[in-house]
Amino acid sequence: MQSYNPPLTRVDKEETRRYAGLSGVAAFPEQLLETACGDALLLARPRSVWNIYPYASATGIIAAPTPLHLSGDKIRRHLDGAKEAAVLAVTIGPALEEEVSRLFAAGEYTAGLLLDAAGTAAVEQAADAANHYIADQAARRGLKARNRFSPGYGDWAITDQPAVAALADGNHVALAVTPSCMLVPRKSVTALIGLAPATVREDNLCDSRGCASCPQANCIARRELS
Amino acid sequence: MIFVFDGAMGTMLQQEGLAPGYCPELWNVENPAAVTAIHSRYVESGADIIEANTFGANRIKLTHYGLADRVTELNKAAVKAARAACGSQTKVAGSVGPTGKFIAPLGELSFDAAYDVYFEQIAALNAAGVDMIIIETIIDIQEMRAALLAAKAATAKPVVCQLSFGADGRTLTGTDPRTAAVVLEAMGADIVGANCSLGPAQLLPVVAELAAACGLPVSVQPNAGMPELVNGQTVFPMGPAEMGAWTAKLVAAGATYLGGCCGTTPEHIKAIRTALAAGIQPAARAADVRTALTSRSQTVYLGAGLPTVIIGERINPTGRKALAAEIREGSFAAVKREALEQVNAGAKVLDVNMGVPGIDQAAAMAAAVTELSVLVDVPLAIDTTDAAALEAGLKAFPGRALINSVSAEPDRLEQFLPLAKKYGAAVLCLPIAPGGVPATADERVKIAGDIVRAALAAGLRPQDLLLDPLVLTVAADARAAQETLATLRAYRRHFGFPAVMGLSNVSYGLPRRDLMNATFCAMALDAGLDAPILNPYDPAMRNMLSAAAAILGHDPQGQLYSTANAGITGTAAAAPAPPADVLAAVKQAVTSGQKEAVAALVRQALTEGHSPLAVTDRSLTAAMNEVGEAFGKGRCFLPQVMLAAETMRAAFLTLKEELPSHRADSLGTVVLATVRGDIHDLGKNIVAALMENNGIRVVDLGKDVPAEVIVAAAEKEKADIVGLCALMTTTMPQIDTAIAALKAAGNPARTIVGGAVLTADYAAQAGADAYAGNGVEAVNIAKRLLGK
């Protein structure tokens, strides 16, 4: 198991704006967004862990001590040609979501909503940082890292979540999975990162960064794809 | 002179038969002849310096092979094997690689543990007779700092510090070449450089930036291009000829030590040697000797001709009971918040003082600095009179800090100056001597000179020194401020080091301290102050600094000043038209989310004789209807709706306070729940907030609520509506279960369902009365179902 607590010295305001459903909204007080990003920085405790396992494209099996057979065409296609899979778990801890609950209870709805969005931005940034490290280490071995892909994306069943969290050793960052396959703390991410020889053609891979493969067409945070 | 290092070792060993997964350093004792033979090939190819096969010979790395107790043996054997290949001019460098673990707070390894691991290896290499140490392929500046400190303690031999940079020009933990060069030069590295990860093309700008930022020789050992995996083997595409062709460019960029990293071979080294033999000369260098402070990821320069650097003064518990209490309890929440806000307010350096009586200041300083090092990316000034706290802070900080401050008192000189040298910190010299506080500029210059001499004698460099002119209270001494200004001018004449001072002493005991401080600061900037320590929130100070930047030429043509101040005298034309009457004003306050303004407007409306009902209907309800309509048409968005809802809540609370007897009639009761197994309740919370602010009584059962609890609550509360939420495909069936349970119990409540994965079709098949796609829709549906 490898671990990294990525330093987070800013929370992306534009991503927070998007997760709050404010994309393209001009007349919204910037100060509220800035406060949310600042509070998220204070409350987030980014931690990540991962393991890298051999992956068999032909069978869709991650060869961990407890092998995982991937259920879903899109994740299989996404990992097509990968020799290895990094199984990643990232969290920013429970403090932020506790504050969101407190804010709602206190009638501070907007602050709660924006802090929740900033928390999403923060955990994504932490995941990006861990992803960056994994990609860099793989590049030293001639392997190219694919975009990360999480259980629940596309047709990859969310029911693989417990297995993925376990393969990442998520318990080392106090990450738990509920019986209904939700991550606790909620501001957490699990994902697979395919590591493929750079020579493998990637023309047929689907775009995995959430939005393109997500069926929630009306999501307020949906990224407009050109 | 230009020197040539050797190339890769690991791949060469594998070619000689080292099995994948076998410890490379074990061959130093099991097959030293093979190791020597590889070194010999590099020597024959023209390497001036060969690296002993010790890259992974530290305790942590050797643990993976069960060899942790053989550190000394393996390092000594490696040096012996290397020495056996040396010609008379060849030097042997002890190679020191990463531990593979991150130092806290990025990982679990403590700084001291990392230091010990490196000390053990480097001491072994030193005892074995290496000519120099090369610490290489390090991706985190804090790990490099631990290794360099260990090297300086374990050996007097030269130390090369090579970091590994990514394609974005930074190490993986965010350090740029300039910052690395500043930190490592100050800590006593003899050569700085870059290796691994990238090829020569990508490392060229890194070399140039390292060379521009320090006066040290620069080394570079690129990979043979970017690696590719072909048929299960990592292949480096760049051949020797191409590598050789980069030699002239790397030297022109500032490198005088060249070699190879992954994928390079004796042929690559020979190509570099051949290129050099064509007459390439080292590039002319002009060392940057400006005073610089750094964080992990950013360098800040201070001095004459440079923009004024604001040092935030507020992380100081003196006179701040709440902050002191938090620090005493080991909580740094307020410290962190203060740091973040000061940086947002324009502070470029933060002063950190943990001077709470009766606490372990060293532990508090270490904790505070550790927390701040991953929260803000500005350099820190460690502000303490306690040597142990100073060392704890300097050790924990992954950059080059400022020591605030060092007086001419013997204890302070003896304790603080060696720590500054050891950790590469800059020193703020404070002209206070054992005899007391000097009143005149002449006395201060003399004492400052004494500290400067002591600092230089302790091994510090001129660019490590900053001067404090000493600020005394003008209310106590009419000449106090003038002497400070005179001292600043004298400092500039005599020394030329950057000047730093705290301002607030000057105004003690006087009214309008903000005015006094800002005026004094403006005069001091003209007299030679480069970095004031001040309260960055003070508006008078901010305005003055903005103007001063234009006057002093740091803001060309006053462009930033103009941008910041253009709005102050803006025309009223840009403002929206004022509302026609107070009820309209309340409505506008709600629609535009002016939570702070609405209470006064509601009171005004009541004072003017408007009834609570009129305020409720014509202002508040009308506003929420308008907001809801705008949301439906995509003209406003959820956070704006929430702001309006909060404002409406504030308005209702004001109505209740002013007229306790007034009670808005409830439209009906809604029981809300996020279903069993689902822990995401943000959407449900939003619905609850909107419903409450539309006059609906809400009983919120929370998240992860079993069907039987929902049924019981619906019955007990006589719910008109039950709202159910599920976010995940895995919990969606609980919607069916809850609706079925309500029906089975004969409960008459209507049901509204919603959540990310739910659809109208699903809602229909589950037997729900309605599906709501968002919170505003939920409110509208609820009102419709309630017949309102």
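Conventions adopted
Residues numbered from 1 in each chain as written. Chains lettered and ligands numbered in written order. Predicted model: local features only at pLDDT ≥ 70, side-chain atom pairs only at ≥ 80, totals over all residues. Heavy atoms only, no water. Helix = DSSP H or I, 4+ residues; strand = E, 2+ residues; numbered from the N terminus. Rg over C-alpha atoms; globule rule 2.2 N^0.38 Å. Buried < 20%, exposed > 50% of the residue type's maximum accessible area, 1.4 Å probe, protein only. Salt bridge = Lys/Arg side-chain N within 4 Å of Asp/Glu carboxyl O. Contact = heavy atoms within 4.5 Å. Buried area = accessible area lost by both parts, 1.4 Å probe. Polar contact = N/O pair within 3.5 Å; in protein donor to acceptor, adjacent residues only side chain to side chain. Nonpolar A, V, L, I, M, F, W, Y, C, P; charged D, E, K, R; others polar. Pairing = 2+ DSSP bridges. Axes fitted to C-alpha atoms, helices over the stretch in contact; angles between N-to-C directions. Domains from an automatic or database assignment.

## Considering the overall build of chain A
A tally of regular secondary structure across chain A gives 6 helices and 9 strands. For a compact globule of 226 residues, the expected C-alpha radius of gyration is about 17 Å, and chain A comes in at 18 Å, within 12% of that figure. Principal-axis analysis of the C-alpha atoms gives chain A an extent of 55 × 40 × 35 Å. Taking all 226 residues of chain A together, the buried fraction comes to 55%.

## Concerning the pattern of salt bridges
Residues and elements named next belong to chain B. Inspection of every chain in the model, using the stated rule, returns 49 salt bridges over all chains. A salt bridge links Asp464 to Arg400, with the nearest nitrogen and oxygen atoms 3.0 Å apart. One end of the pair, Asp464, is in the loop between helix 17 (441–457) and strand 18 (465–467); the other, Arg400, is in the loop between helix 15 (387–396) and strand 16 (402–406), and 64 residues separate them in sequence. Here the two residues Asp464 and Arg400 agree in accessibility, since each one is buried.

## Quick look at the interface of chain B and chain A
The interface is formed by 55 residues belonging to chain B together with 54 residues belonging to chain A. Contact between chain B and chain A buries roughly 4400 Å² in total, counting both sides, with carbon and sulfur atoms accounting for 61%. When the area that chain B buries against chain A is broken down by residue, the three leading residues are Leu172(B), Leu229(B) and Pro639(B), summing to 15%. At the junction of chain B with chain A, the criterion picks out 4 salt bridges. Between Arg186(A) and Asp681(B) there is a salt bridge; the shortest N-O distance is 3.8 Å. For the pair chain B and chain A, the number of links is 19 residue pairs in polar contact (both at pLDDT 80 or more). Contributions of two or more residues to the side of chain B that touches chain A are made by strand 8 (228–230), helix 13 (333–344), helix 25 (638–658) and helix 26 (682–692) of chain B. Tallying contributions element by element places helix 25 of chain B first for the side of chain B that touches chain A, with 8 residues. Its residues placed into classes, the side of chain B that touches chain A shows 26 nonpolar, 15 polar and 14 charged.

## Focus on unusual backbone geometry
For the bond running from Val184(A) to Pro185(A), omega is 0°, close enough to zero to count as cis. Positioned with a positive phi, Lys718(B) is a non-glycine residue whose angle comes to about 55°. Counting through the fold element by element, Lys718(B) comes out in the loop between helix 27 (707–716) and strand 23 (721–725).

## Examining the sheet that holds strand 19 (residues 500–502) of chain B
All names here are of chain B. Spatially, 18-17-16-15-14-13-20-19 is the arrangement adopted by the 8 strands of the open sheet, whose pairing is parallel. Only two strands of the sheet have a single neighbouring strand rather than two, namely strand 18 and strand 19. Recorded for the sheet is a direction-independent mean angle of 25° between the axes of neighbouring strands. One ladder, built from 3 bridges, connects strand 17 (residues 426–429) with strand 18; its direction is parallel. Looking at the pairing, Cys429 lines up with Leu467 of strand 18. The sheet contacts of helix 14 (residues 361–373) involve strand 13 (311–315), strand 14 (349–352) and strand 15 (380–383), and relative to strand 15 the element is tilted by about 170°.

## Points about the environment of Gln604(B)
Residues and elements named next belong to chain B. Relative to the helices and strands, Gln604 is located in helix 23 (residues 595–607). Its relative accessible area of 36% is what places Gln604 among the partly exposed residues. Through-space distance from the C-alpha of Gln604 to that of Thr563 is 37 Å; in sequence the pair is 41 residues apart.

## What about the environment of Cys725(B)?
All names here are of chain B. As for its position among the elements, Cys725 is in strand 23. Given the relative accessible area of 12%, Cys725 is considered buried. Along the primary structure Cys725 and Ala673 are separated by 52 residues, whereas in three dimensions their C-alpha atoms are 6.3 Å apart. Beyond its immediate stretch of four places on either side in the chain, Cys725 contacts Ala673, Thr674, Val675, Lys684, Ile735, Gly754 and Gly755.

## Let's talk about the sheet that holds strand 22 (residues 697–700) of chain B
Residues and elements named next belong to chain B. As summarised here, the arrangement of the 5 strands in space is 22-21-23-24-25, forming an open sheet in which the pairing is parallel. The two strands at the open ends of the sheet, each matched to only one other strand, are strand 22 and strand 25 (770–771). Across the face of the sheet, helix 28 (residues 733–744) comes into contact with strand 23 and strand 24 (750–754) while running at roughly 160° to strand 23. Lying over the sheet, helix 30 (residues 775–785) contacts strand 23, strand 24 and strand 25, oriented at roughly 170° with respect to strand 24.

## Thoughts on helix 30 of chain B
Residue and element names in this part refer to chain B. Within helix 30, 8 of the 11 residues are buried, leaving the element largely enclosed by the surrounding structure. In the core, the buried residues of helix 30 are packed alongside helix 24 (612–632), helix 25, helix 26, strand 23, strand 24 and strand 25. Directly beyond the C-terminal end of helix 30, a positive phi value near 75° is found at Gly787.

## Comments concerning the domain arrangement of chain B
All names here are of chain B. Segmenting chain B into domains produces domain 1 (3–276), domain 2 (313–563), domain 3 (582–658) and domain 4 (669–785). Put simply, the middle of domain 3 and the middle of domain 4, counted by C-alpha atoms, are 27 Å apart. With 11 residues of domain 3 in contact, the opposing surface of domain 4 contributes 8 residues. Together domain 3 and domain 4 conceal approximately 810 Å² of surface at their shared face, both sides included; 73% is due to carbon and sulfur atoms.

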